[in-house]
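Given next are the chains, with one letter for each unit.
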Amino acid sequence: QVQLVESGGGLVQAGGSLRLSCAASGLTFSIYAMGWFRQAPGKEREFVAAISRSGITYYADSVKGRFTVSRDNAKKSVYLQMNSLKPEDTAVYYCAAVSDSSNWPPRPRDVDYWGQGTQVTASS
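Remember, predicted model here, so these are calculated numbers, not experimental data.

A.B. asks: Break down the pattern of salt bridges for me, citing the residues and quoting the values.
C.D. replies: This model, assessed by the stated rule, comprises 5 salt bridges. With a shortest N-O distance of 2.7 Å, R38 and E46 are connected by a salt bridge. Relative accessible area serves as the criterion here: at 37%, E46 is assigned to the partly exposed category. Of the charged contacts, one joins D89 and R66 as a salt bridge, the two residues approaching to 2.7 Å between their closest N and O atoms. Taken together, the positions of D89 in the loop between β8 (77–82) and β9 (91–98) and R66 in the loop between β6 (57–59) and β7 (67–72) put the pair 23 residues apart, joining distant regions of the chain. Relative accessible area serves as the criterion here: at 1%, D89 is assigned to the buried category. Linked by salt bridges that have partners in common, R38, E46, R66 and D89 make up one network.

So this is what it looks like as structure tokens:
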């Protein structure tokens, strides 16, 4: 079955950096657009960043210039480099696989598969 396994979350001070990784299995990784979403307590899940099959990237305005999404099809992995972290970035971060990229950037309802999530906390 399809599995998306995130790693790399943790606790950092505001201004610090983290790199999230997501390893995929059970799917033809190269044909999926991949994305990152996040959900803070009491809030809806929101889009963070996405990368298309061809490597085109898209970012939420709140993270543009600070976060970088990348993918390695040979390793079936997607990454999110997060720099200059702010307390408002604190959330559970989810990796997502999207087969239909007709909506871009993808919305939560467009996601075919989700990872289990990893906690990111930026303390002030």
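A.B. asks: Got a sec to walk through the pairing of strand β3 (residues 18–25)? Specific residues and values, please.
C.D. replies: One ladder, built from 5 bridges, connects strand β1 (residues 3–7) with β3; its direction is antiparallel. Its bridge partner lying in β3, L4 is registered against A24. Pairing of β3 with β8 involves 6 bridges; the strand directions are antiparallel. Bridging across to β8, R19 finds its partner in Q81.

A.B. asks: Go over the environment of G9, please, and point to the residues and values.
C.D. replies: Counting through the fold element by element, G9 comes out in the loop between β1 and β2 (10–13). Expressed as a C-alpha distance, the spacing of G9 and P105, which sit 96 residues apart in the sequence, is 23 Å.

A.B. asks: I'd love a proper account of the sheet that holds β3, names of residues and values included.
C.D. replies: Pairing between sheet strands relies on hydrogen bonds along the backbone, with the strands arranged either parallel or antiparallel. Strand order across the open sheet formed by 4 strands is β1-β3-β8-β7, with antiparallel pairing between neighbours. Here the strands that pair on one side only, and so sit at the sheet edges, are β1 and β7. Across the sheet, the axes of successive neighbouring strands diverge by a mean angle of 15°, strand direction being ignored.

Rules used throughout
- Residue positions within a chain follow its written sequence, with the count starting from 1.
- pLDDT decides what is reported in this predicted model: residues at 70 or higher carry local features, side-chain atom pairs at 80 or more are listed and counted, and totals for whole chains, interfaces and linings draw on all residues regardless.
- Computation of side-chain values covers all heavy atoms of the structure but excludes hydrogens and water.
- Salt bridges are defined as contacts in which a side-chain nitrogen from Lys or Arg sits within 4 Å of a carboxyl oxygen from Asp or Glu.
- In this scheme, a residue with accessible area under 20% of its type's maximum is buried, one over 50% is exposed, and one in between is partly exposed, where area comes from a 1.4 Å probe on protein chains only.
- Helix and strand definitions follow DSSP, with helices as H or I runs of at least four residues and strands as E runs of at least two, each counted in order from the N terminus.
- At least two bridges found by DSSP between two strands are what make those strands a pair.
- Axis definition: a line fit to C-alpha positions, over the contact stretch in the case of helices; interaxial angles, taken between N-to-C directions, run 0 to 180 degrees.

As far as function goes, none of this settles anything; it's purely spatial.
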